[in-house]
Amino acid sequence: MSGLIGKKIGMTSIFDENGKNIPCTVIQAGPCVVTQVRTEEVDGYEALQLGFDDKKDKNASKAAQGHFKKAGTGVKYKVVEFRDYEGEYKLGDTISVDLFSEGEFVDVTGTSKGKGFQGVVKRHGFGGVGQASHGQHN
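Figured I'd write up the structure that's included with this text. Just so it is clear, the model here is predicted, and its values are computed rather than measured.

Calculation criteria
Residues numbered from 1 in each chain as written. Predicted model: local features only at pLDDT ≥ 70, side-chain atom pairs only at ≥ 80, totals over all residues. Heavy atoms only, no water. Salt bridge = Lys/Arg side-chain N within 4 Å of Asp/Glu carboxyl O. Helix = DSSP H or I, 4+ residues; strand = E, 2+ residues; numbered from the N terminus. Phe/Tyr/Trp six-rings, centres within 6.5 Å; stacked < 30°, edge-to-face > 60°. Buried < 20%, exposed > 50% of the residue type's maximum accessible area, 1.4 Å probe, protein only.

Quick notes on the pattern of salt bridges
Phase 1: Per the stated rule, a full pass over the model turns up four salt bridges.
Phase 2: The shortest N-O distance in the salt bridge between K7 and D53 comes to 3.6 Å. With K7 in strand β1 (residues 6-15) and D53 in strand β4 (residues 47-54), this residue pair connects regions lying 46 residues apart in the sequence.
Phase 3: Linked by salt bridges that have partners in common, R38, D43 and E81 make up one network.

Structural notes on the packing of aromatic side chains
Phase 1: Using the criterion set out here, one finds two aromatic pairs in the structure.
Phase 2: Here F82 and Y85 contribute two aromatic rings whose centre-to-centre distance is 6.0 Å and whose plane-to-plane angle is 65°, an arrangement assigned as edge-to-face.
Phase 3: The exposure class assigned to F82 is buried, which follows from its relative accessible area of 12%.
Phase 4: Geometrically, the ring pair formed by Y85 and Y89 is edge-to-face, given 5.6 Å between the ring centres and 75° between the ring planes.
Phase 5: For Y89, a relative accessible area of 24% translates into the label partly exposed.

Structural data, given as structure tokens:
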């Protein structure tokens, strides 16, 4: 199962051949760098660890800096492992969107931002009773 790491850039819409307006999410997928190759002999399973989106060295631990230095790349924000990756890749290889062909269907998994414990206005969009000043009684 091949895959890439990406982030949401925004929303737009496109028109199909019938003139129907289709809403679309724009995602920046890749380029991802192979930061570690997991093998059956060493780790007990086959996987590729990919890193995405550069991060400043001062914001990373020494352990993370050493890990990415082995791959010959800078520190990355997001690191994800993909099991049973199709194709042979070495440490430090770059994987881009060219992995997929045009018209191919892909599964996308996203994580929403957590907002913690919120009140009803932010959580459910309630508007309140009415004006909060100028002689408001109830």
